[in-house]
Amino acid sequence: MVQVRFLGHAAFEIVGSKKILVDPFLTGNPQATARAEDFREIDLILVTHAHGDHIGDTVEIAKRTGAKIVAMFDVANYLVENNKGITTVGMNYGPTEVDGVRIIQVPAWHSSSDGKYSIGNASGYIVKLDGKTIYHAGDTFVFGDMALFNELYGPIDVALLPIGGHFTMGPKEAAKAVELLKPRKVIPMHYGSWPPIVQDPEEFRRLVGDKAEVHVLKPGEVLEL
Ligand code: NI
Ligand code: MN
């Protein structure tokens, strides 16, 4: 069994034979119910892009737990240059394997920067762990190539999709993404954290209809696969 725990905003913990964090933004995250220091054993931390609400507590958790940070090559170099005592796996769009976990870094239509200067490109991840396939879209708009993610790496057991609008897809675009990805289950994310991205996840559920099971998780809640 693989457990997917929503930590608020775009942060998730994926627990199976390995413990994986994606975009662990906890300190300063208005939705977070967990703190960075709550995570004591983590194997991998996947970072989708360099924005602060995604790198978040990555460095602190990696230093304390020894977790390897997986990120786009340029983002990994940026983290190593600015921090001592971390181990990174810099990659780019494509498949790899890290500590027995199959990871496919996929494109995302978004920027990636320290807030001013570009650092690599934005990405999402498809993670294959213990026979389950999890897609974390990162911050992105919908795009037709999402159909390839299903074709090449599907079936997707759960897709974690932003619905906040303003910086990413809103409910309408995310519902189109569900059509392309054909996941069994979907968890909406990246909404409600701040005023510009307030959305009603029930509108997303209505737009998805019977195309996938929509699981609206509160921070701290777990979906079991
Ligand atoms: Ni972003
Ligand atoms: Mn973001």
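Residues numbered from 1 in each chain as written. Chains lettered and ligands numbered in written order. Predicted model: local features only at pLDDT ≥ 70, side-chain atom pairs only at ≥ 80, totals over all residues. Heavy atoms only, no water.

### So, the overall build of the chain
Then step 1. The helix and strand inventory of the chain stands at six helices and 14 strands.
Then step 2. For 225 residues, the compact-globule formula gives about 17 Å, and the C-alpha radius of gyration of the chain, at 16 Å, lands near that figure.
Then step 3. Referenced to the eigenvectors of the C-alpha coordinate spread, the extents of the chain come out at roughly 45 × 40 × 30 Å.
Then step 4. Counting the 225 residues in the chain, one finds 52% classified as buried.
Then step 5. In the chain, 62% of the contacts between residues at least 6 apart in sequence involve partners at least 24 apart.
Then step 6. Of the accessible surface of the chain, which amounts to about 9,600 Å², a share of 49% is contributed by carbon and sulfur atoms. (Helix = DSSP H or I, 4+ residues; strand = E, 2+ residues; numbered from the N terminus. Rg over C-alpha atoms; globule rule 2.2 N^0.38 Å. Buried < 20%, exposed > 50% of the residue type's maximum accessible area, 1.4 Å probe, protein only. Contact = heavy atoms within 4.5 Å. Areas by Shrake-Rupley, 256 points an atom, 1.4 Å probe, with all protein chains shown as cover.)

### Concerning the coordination of the nickel ion (ligand 1)
Then step 1. Those donors, His49 (NE2), His51 (ND1), His110 (NE2) and Asp139 (OD), are the protein atoms that reach the nickel ion (ligand 1), and they lie 2.2 to 2.3 Å from it.
Then step 2. Spacing between the donor residues of the nickel ion (ligand 1) along the chain follows H-x1-H-x58-H-x28-D.
Then step 3. Distance-wise, the manganese ion (ligand 2) is placed 3.2 Å from the nickel ion (ligand 1), both being coordinated by Asp139. Here His110 lies in the loop between strand E8 (101–107) and strand E9 (123–129) and His49 lies in the loop between strand E4 (44–46) and helix H1 (52–55), a separation of 61 residues in the sequence. (Donors = N, O, S within 2.8 Å, 3.2 Å for Na, K, Ca; no water.)

### Things to note about the coordination of the manganese ion (ligand 2)
Then step 1. For the manganese ion (ligand 2), the full set of protein donor atoms is Asp53 (OD), His54 (NE2), Asp139 (OD) and His190 (NE2), and the range of their distances to it is 2.2 to 2.3 Å.
Then step 2. Counting gaps between the donor residues of the manganese ion (ligand 2) yields the pattern D-H-x84-D-x50-H.
Then step 3. Judged by its relative accessible area of 16%, Asp53 is buried.
Then step 4. Given the relative accessible area of 2%, Asp139 is considered buried.

### Quick look at the packing of aromatic side chains
Then step 1. All told, the structure shown has four aromatic pairs when counted by the stated rule.
Then step 2. Measuring from ring centre to ring centre gives 5.0 Å for Phe6 and Phe12, while their planes differ by 40°; the resulting arrangement is tilted.
Then step 3. Its relative accessible area of 3% is what places Phe6 among the buried residues.
Then step 4. Centroid distance Tyr135 to Phe149: 5.5 Å. Interplanar angle 65°. Geometry classified as edge-to-face. Of the two residues, Tyr135 is situated in strand E10 (residues 132–136) and Phe149 in helix H4 (residues 146–153); the sequence distance between them amounts to 14 residues.
Then step 5. Take Phe149: its relative accessible area is 6%, and that puts it in the buried class. (Phe/Tyr/Trp six-rings, centres within 6.5 Å; stacked < 30°, edge-to-face > 60°.)

### Describing the environment of Thr140
Then step 1. Assignment of secondary structure puts Thr140 in the loop between E10 and H4.
Then step 2. Along the sequence, Thr140 and Phe167 sit 27 residues apart, while their C-alpha atoms lie 7.8 Å from each other.
Then step 3. Of the polar contacts made by the side chain of Thr140, one reaches the backbone nitrogen of Trp109; its length is 2.7 Å. (Polar contact = N/O pair within 3.5 Å; in protein donor to acceptor, adjacent residues only side chain to side chain.)

### Things to note about the side chain of Asp57
Then step 1. Following the sequence through the fold, Asp57 ends up in the loop between H1 and helix H2 (58–65).
Then step 2. Of the side chains bearing the opposite charge, Arg64 lies closest to the buried Asp57, which forms no salt bridge; the N-O distance is 8.0 Å.
Then step 3. Leaving out residues up to four positions away in the same chain, Asp57 has contacts with Pro24, Phe25, Leu26, Thr27 and Ala36. (Lys, Arg positive; Asp, Glu negative; His and termini not counted. Salt bridge = Lys/Arg side-chain N within 4 Å of Asp/Glu carboxyl O.)

### Observations concerning the confidence of the model for the chain
Then step 1. Scored by pLDDT, the chain has a mean of 98; 100% of the residues are at 70 or more.
Then step 2. Confidence, read as mean pLDDT per element, is least for helix H3 (residues 73–82) in the chain (97) and greatest for strand E11 (residues 158–162) (99). (pLDDT = per-residue confidence, 0-100.)

### Observations regarding the pairing of strand E7 (residues 94–98)
Then step 1. As paired strands, E7 and E8 are joined by five bridges and run antiparallel to one another. Residue Gly94 lies in a different strand from E8, and its bridge partner there is Gln105.
Then step 2. Connecting E7 to the antiparallel partner E8 that follows it, the hairpin turn spans two residues, and Asp99 within it adopts a positive phi of roughly 50°. (Pairing = 2+ DSSP bridges.)

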